[in-house]
Amino acid sequence: MSATRIQLLRHGDVTGGPKLRGSQDDPLTDLGWRQMRAAVAGIQCDRVVASPLRRCAEFARELAEGSGVPLRQDARLQELHFGEWEGRRYAELTAEDPIAVSRFFADPFQYPPPGGESLQVFCDRVLAAFADLCGGEFGQRPLVVTHGGVIRVLLWHLRDWPPQRLLEIEVPHASLHELRPGADGQWREDAEARERHGAFG
């Protein structure tokens, strides 16, 4: 049976501060745990699906055990791998190679991070996972604990925006995004639900 609702939760604040973390496996801070617990207060789901990286997986495990629902990890829900930019701060990179950084933010598909995962490969794996979620493989009401880049790709896809606008989409820490199929069968973000839940960034 197909899913009737998909909730996407970005991880909270992470140790090491703001940087292009990508595949680095840093844990949540105490603030990050509080943000995520606040974000899911009163939320109902029939399965938790998570990126295997600690900043998602550890909270997902707590949530699944506390809710009495199954937990499944899916590597397709990991963040973009930033190659040579992994673990670097924006200010460092901008000072070191401003042209490469500005090109990436202007058109990430054309100018991926040096040595990193291509945006097309990233989008393909994220959208493959989303297709399985929509098809009900992970339950009718899954809650997905994942990363800002993954959520950004899904919202960009559903909004049918041009590639150059992908990085315009803001996904704060511990923000919750609810997706539902419309009468036409097309999935959309439930903007009213977003307003109700808020963002705990």
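To keep things clear, this report deals only with the structure shown in the data block. (Residues numbered from 1 in each chain as written. Predicted model: local features only at pLDDT ≥ 70, side-chain atom pairs only at ≥ 80, totals over all residues. Heavy atoms only, no water.)

Backbone-to-backbone hydrogen bonds pair the strands of a sheet. The strands run either parallel or antiparallel. Pairing is mixed in the open sheet, where six strands are placed in the order 3-2-4-1-5-6. Single-partner strands in this sheet number two, and they are strand 3 (71-73) and strand 6 (187-189). Here the average twist between neighbouring strands, direction ignored, is 25°. The pairing of strand 2 (residues 47-50) with strand 4 (residues 142-146) spans four bridges and is classified as parallel. Each residue of the ladder has a partner; that of valine 49, found in strand 4, is valine 144. (Pairing = 2+ DSSP bridges. Helix = DSSP H or I, 4+ residues; strand = E, 2+ residues; numbered from the N terminus. Axes fitted to C-alpha atoms, helices over the stretch in contact; angles between N-to-C directions.)

Where a strand is regular, its side chains alternate between the two sheet faces. Sheet topology places strand 2 next to strand 3; three bridges connect them, and they run parallel. The residue of strand 3 that forms the bridge with valine 49 is arginine 72. Read as a crossover between parallel neighbours, the route from strand 2 over helix 2 (residues 54-67) to strand 3 is right-handed. (Right-handed = clockwise from strand over helix to strand, strands pointing away.)

Two aromatic rings, taken as a pair, are described by how far apart their centres are and by the angle between their planes. In the structure shown here, the tally under the stated rule is seven aromatic pairs. Geometrically, the ring pair formed by phenylalanine 109 and tryptophan 156 is tilted, given 5.5 Å between the ring centres and 35° between the ring planes. Taken together, the positions of phenylalanine 109 in the loop between helix 4 (98-106) and helix 5 (119-134) and tryptophan 156 in helix 6 (residues 148-159) put the pair 47 residues apart, joining distant regions of the chain. A relative accessible area of 23% means that phenylalanine 109 is categorised as partly exposed. On the numbers, 6.2 Å between centres and 75° between planes, the contact of phenylalanine 130 with tryptophan 187 is edge-to-face. Of this pair, phenylalanine 130 sits in helix 5 while tryptophan 187 sits in strand 6, and the two are 57 residues apart along the sequence. (Phe/Tyr/Trp six-rings, centres within 6.5 Å; stacked < 30°, edge-to-face > 60°. Buried < 20%, exposed > 50% of the residue type's maximum accessible area, 1.4 Å probe, protein only.)

For the rest of this paragraph, the subject is helix 1 (residues 30-39). Three or more residues of helix 1 are buried, namely Gly32, Trp33, Gln35, Met36 and Ala39. Here the buried residues of helix 1 occupy an arc of 160° about the axis, which is enough to place them on one side. Exposed residues on helix 1 whose side chains face more than 90 degrees from its buried face are Asp30 and Arg34. Buried residues in helix 1 make contact with strand 1 (6-10), helix 2, strand 4 and strand 5 (176-181). (Arc of directions from axis to C-beta. Contact = heavy atoms within 4.5 Å.)

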